[in-house]
Amino acid sequence: MSDLDKFLEKIKNNVKIEPKDWMPDGYRKHLQRQMSQHAHSEIIGMQPEGNWITRAPSLRAKVILLAKIQDEAGHGQYLYSAAETLGKSRDEYIHELQTRKAKYSSIFNYPTLTWADMGAVGWLVDGAAIVNQVSLQKTSYGPYSRAMVRICKEESFHQRQGYEIMSQMAFGTAEQKEMAQDALNRFWWPSIMMFGPHDADSARSGDAMKWGIKVESNDELRQRFIDKTVQQAEIIGLTIPDPDLKWNEEKGSYDFGKMDWDEFWQVVKGNGPCNDQRINHHIKAHEEGTWVREAAIAYAKKNN
Ligand code: 3HC
């Protein structure tokens with residue numbers, strides 16, 4: 001039996017692929033890209049929320065936001081560590097991010113303009129990430145799957161704290177409700193596009209499904225997120241900004257309007273509202289943190 005046949009046999013039987021196992025180059029490269037871009041998303045995603053730490057409306061809100069942002073840093077570490085098992089260093093991945101060779105989730109290139117955006121990000125962005133990441137727990141690559149299990153344990157707190165902010169504001173003053181609706185209007189469409197292009201237009205999904213990297217498609221996951229989130233919006237009296245949204249009894253899910261893929265690809269390609277700011281901030285923070293990394297490495301060398 002060839003190495004490839006043995007590999008495909010494992011995928012077929014849901015046996016996890018481990019770092020020391022033989023794997024096709026294409027599988028390794030696909031995972032290096034997807035896992036590092038996933039890690040980049042966690043770290044860059046700290047910026048839009050970090051923007052509101054000093055302006056949180058109460059000590060309780062500040063503590064919750066701080067805890068959430070710290071969680072995201074930890075998720076990034078899990079994912080970089082898992083991505084390093086594929087034979088590429090964290091420094092290489094970070095260089096690809098800072099030189100814009102690598103991507104991160106387009107959603108983080110939108111600005112967070114009001115406190116309600118903290119609610120919308122937790123509720124919608126983390127809500128979408130949960131749907132995607134729960135599915136990714138079944139991914140065929142062992143370290144990625146185990147990282148997902150750890151991350152999913154914390155993500156539901158992220159979604160709940162965001163939904164709590166949105167419901168407090170939706171049931172607050174007229175101005176607060178208006179702020180919450182505005183945040184939903186700005187974050188709804190970019191959030192549902194976090195699941196990637198339609199299956200038929202996805203360049204990577206074919207391989208991802210063949211190799212068990214993905215077990216459910218972009219459109220399946222997007223639909224699941226929409227069906228769940230529309231009901232949550234109704235409970236707090238907010239309106240999903242999609243005039244074509246309609247329950248389809250036959251399908252047992254919502255029909256929804258067309259997404260703006262031109263805007264999506266513009267943002268993915270680096271022309272979103274905050275792409276430059278996010279990368280420049282990352283470069284500055286990474287440079288300012290050099291002494292911390294050097295101290296940690298010196299300590300590790302001295303004590304190992
Ligand atoms: N944002 C940025 N890039 C995207 C994208 C998006 N929303 N959707 C697709 N792309 C990129 C892909 O990464 C790919 O780039 P590459 O060729 O450099 O690899 C290119 O566009 C073509 O993509 P595909 O059409 O093949 O898209 P996929 O079918 O691969 O789906 C994906 C994209 C859904 C992001 C998939 O890669 C995936 O599931 N990744 C793992 C999950 C992930 O990265 N989630 C990001 C959010 S994590 C997060 O939000 C943190 C949370 O704590 C808040």
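Residues numbered from 1 in each chain as written. Predicted model: local features only at pLDDT ≥ 70, side-chain atom pairs only at ≥ 80, totals over all residues. Heavy atoms only, no water.

**Some points on the site of the ligand**
Phase 1 of the analysis: Taken together, 33 residues lie around the ligand, and R33, K103, S202, R204 and K214 are the ones closest in.
Phase 2 of the analysis: Q37 is positioned such that a nitrogen or oxygen atom in its side chain is 3.0 Å from an oxygen atom of the ligand.
Phase 3 of the analysis: Here an oxygen atom of the ligand sits 2.9 Å away from a polar atom, N or O, in the side chain of E72.
Phase 4 of the analysis: Compared with its free state, where it exposes 1000 Å², the ligand has 92% of that area covered by protein.
Phase 5 of the analysis: When contributions to the shell around the ligand are tallied by element, the ones reaching two or more residues are α2 (25-44), α6 (116-136), α7 (142-170) and α11 (261-271).
Phase 6 of the analysis: Looking at which element gives the most residues to the shell around the ligand, the answer is α2, with six residues.
Phase 7 of the analysis: Residue classes in the shell around the ligand are distributed as 14 nonpolar, 11 polar and eight charged. (Near = heavy atom within 4 Å. Polar contact = N/O pair within 3.5 Å; in protein donor to acceptor, adjacent residues only side chain to side chain. Areas by Shrake-Rupley, 256 points an atom, 1.4 Å probe, with all protein chains shown as cover. Helix = DSSP H or I, 4+ residues; strand = E, 2+ residues; numbered from the N terminus. Nonpolar A, V, L, I, M, F, W, Y, C, P; charged D, E, K, R; others polar.)

**Some thoughts on a nonpolar patch on the surface**
Phase 1 of the analysis: Residues L4, L8 and W22 make up a contiguous nonpolar surface patch of roughly 270 Å² in combined accessible area.
Phase 2 of the analysis: For L4, the location among the structural elements is in helix α1 (residues 3-12). (Patch = residues over 30% accessible without salt bridge, like charges linked within 9 Å, V, L, I, M, F, W, Y side chains within 5 Å. Salt bridge = Lys/Arg side-chain N within 4 Å of Asp/Glu carboxyl O.)

**As for the nonpolar core**
Phase 1 of the analysis: One finds Y27, W115, Y141, M166 and W188 to be the most contacted residues of the largest nonpolar core, which totals 74 residues.
Phase 2 of the analysis: For this core, the element with the most residues is α6, which contributes 11 residues. (Core = buried A, V, L, I, M, F, W, Y, C linked by side-chain atoms within 4.5 Å. Buried < 20%, exposed > 50% of the residue type's maximum accessible area, 1.4 Å probe, protein only.)

**Some thoughts on unusual backbone geometry**
Phase 1 of the analysis: Residue N14 is not a glycine yet carries a positive backbone phi of 55°.
Phase 2 of the analysis: Tracing the sequence through the fold places N14 in the loop between α1 and α2.
Phase 3 of the analysis: The phi angle at R100 is positive, at roughly 65°, despite the residue not being glycine.
Phase 4 of the analysis: Following the sequence through the fold, R100 ends up in the loop between α5 (90-98) and α6.
Phase 5 of the analysis: Accessibility expressed as a relative area gives 41% for R100, which makes it partly exposed.

**Side note on the environment of E92**
Phase 1 of the analysis: With respect to the secondary-structure elements, E92 resides in helix α5.
Phase 2 of the analysis: Using a relative accessible area of 40% as the deciding quantity, one classes E92 as partly exposed.
Phase 3 of the analysis: When the C-alpha positions of E92 and S36 are compared, they lie 10.0 Å apart, and in sequence the two are 56 residues distant.
Phase 4 of the analysis: Separated by 2.7 Å, the side chain of E92 and the backbone nitrogen of S89 make a polar contact.

**Concerning the environment of Q168**
Phase 1 of the analysis: Following the sequence through the fold, Q168 ends up in helix α7.
Phase 2 of the analysis: For Q168, a relative accessible area of 48% corresponds to the partly exposed category.
Phase 3 of the analysis: With 12 residues separating them along the chain, Q168 and A180 place their C-alpha atoms 9.2 Å apart.

**Thoughts on the packing of helix α4 (residues 59-84) against α7**
Phase 1 of the analysis: Where α4 meets α7, the axes come as close as 10 Å, and the angle between the chain directions of the two elements is 160°. Overall, the two elements α4 and α7 adopt an arrangement that is roughly antiparallel. Taken as a pair, α4 and α7 cross one another with a handedness that is left-handed. (Axes fitted to C-alpha atoms, helices over the stretch in contact; angles between N-to-C directions. Parallel < 35°, antiparallel > 145°, perpendicular 65-115°, else oblique. Left-handed = near helix turned anticlockwise from the far one by under 90°.)

**Remarks on the pattern of salt bridges**
Phase 1 of the analysis: Tallied over the entire structure, the rule returns 18 salt bridges.
Phase 2 of the analysis: For E18, the salt bridge goes to R146, with nearest N and O atoms at 2.7 Å. You can see E18 sitting in the loop between α1 and α2 and its partner R146 sitting in helix α7, a full 128 residues away along the chain.
Phase 3 of the analysis: Owing to a relative accessible area of 24%, E18 belongs among the partly exposed residues under this scheme.
Phase 4 of the analysis: Close ionic contact of E72 with K68 constitutes a salt bridge, the shortest N to O distance being 2.5 Å. Here E72 pairs with K68, and both are found in helix α4, just four residues apart, close to one helical turn.

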